[in-house]
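Examination of the molecular architecture
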Amino acid sequence: MLFGTILCLGDSLTAGARAENGGRAGLGYPELLPPLLDEAMPPSDGVGSPTEWAVLNRGVSGETTRQVLLRTPAALRELAGYPG
């Protein structure tokens, strides 16, 4: 797993179904994370490059908590092999 990689699991709220996001329908919160994280965690020296965030959106509309939990191990294995 690479530093700066985030795995987002969830239902339609994660997947982005019915999201409005300022006219960008279909975007879930995972797509909005990188700029928010850059702002919240600037480079420690104040002048370096921000972290490049790899955000994997694995939201599936209509899934229950049980279904998300059942596919979590496979999603983690995918993350472990993610080239970033």
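Our structure is the block above this text.
An account of the accompanying structure is given in this report. (Residues numbered from 1 in each chain as written. Predicted model: local features only at pLDDT ≥ 70, side-chain atom pairs only at ≥ 80, totals over all residues. Heavy atoms only, no water.)

1. Focus: the environment of T51
Along the chain, T51 falls in the loop between α2 (29–40) and β2 (54–59). The sequence separation of T51 and D38 amounts to 13 residues, and the corresponding C-alpha distance is 6.9 Å. (Helix = DSSP H or I, 4+ residues; strand = E, 2+ residues; numbered from the N terminus.)

2. Things to note about helix α3 (residues 65–80)
An ideal rise of 1.5 Å per residue puts 22 Å on 16 residues; α3 measures up with 22 Å between its terminal C-alpha atoms. In the structure, α3 departs most strongly from a straight axis at T72, where the bend amounts to approximately 40° and where the proline P73 lies between one and four residues downstream. Within the span of α3, buried status applies to V68, T72, A75 and L79. On its buried face, α3 sits against β1 (5–10) and β2. (Expected span 1.5 Å × (residues − 1). Bend = angle between axes of the 7 residues up to and from the residue. Buried < 20%, exposed > 50% of the residue type's maximum accessible area, 1.4 Å probe, protein only. Contact = heavy atoms within 4.5 Å.)

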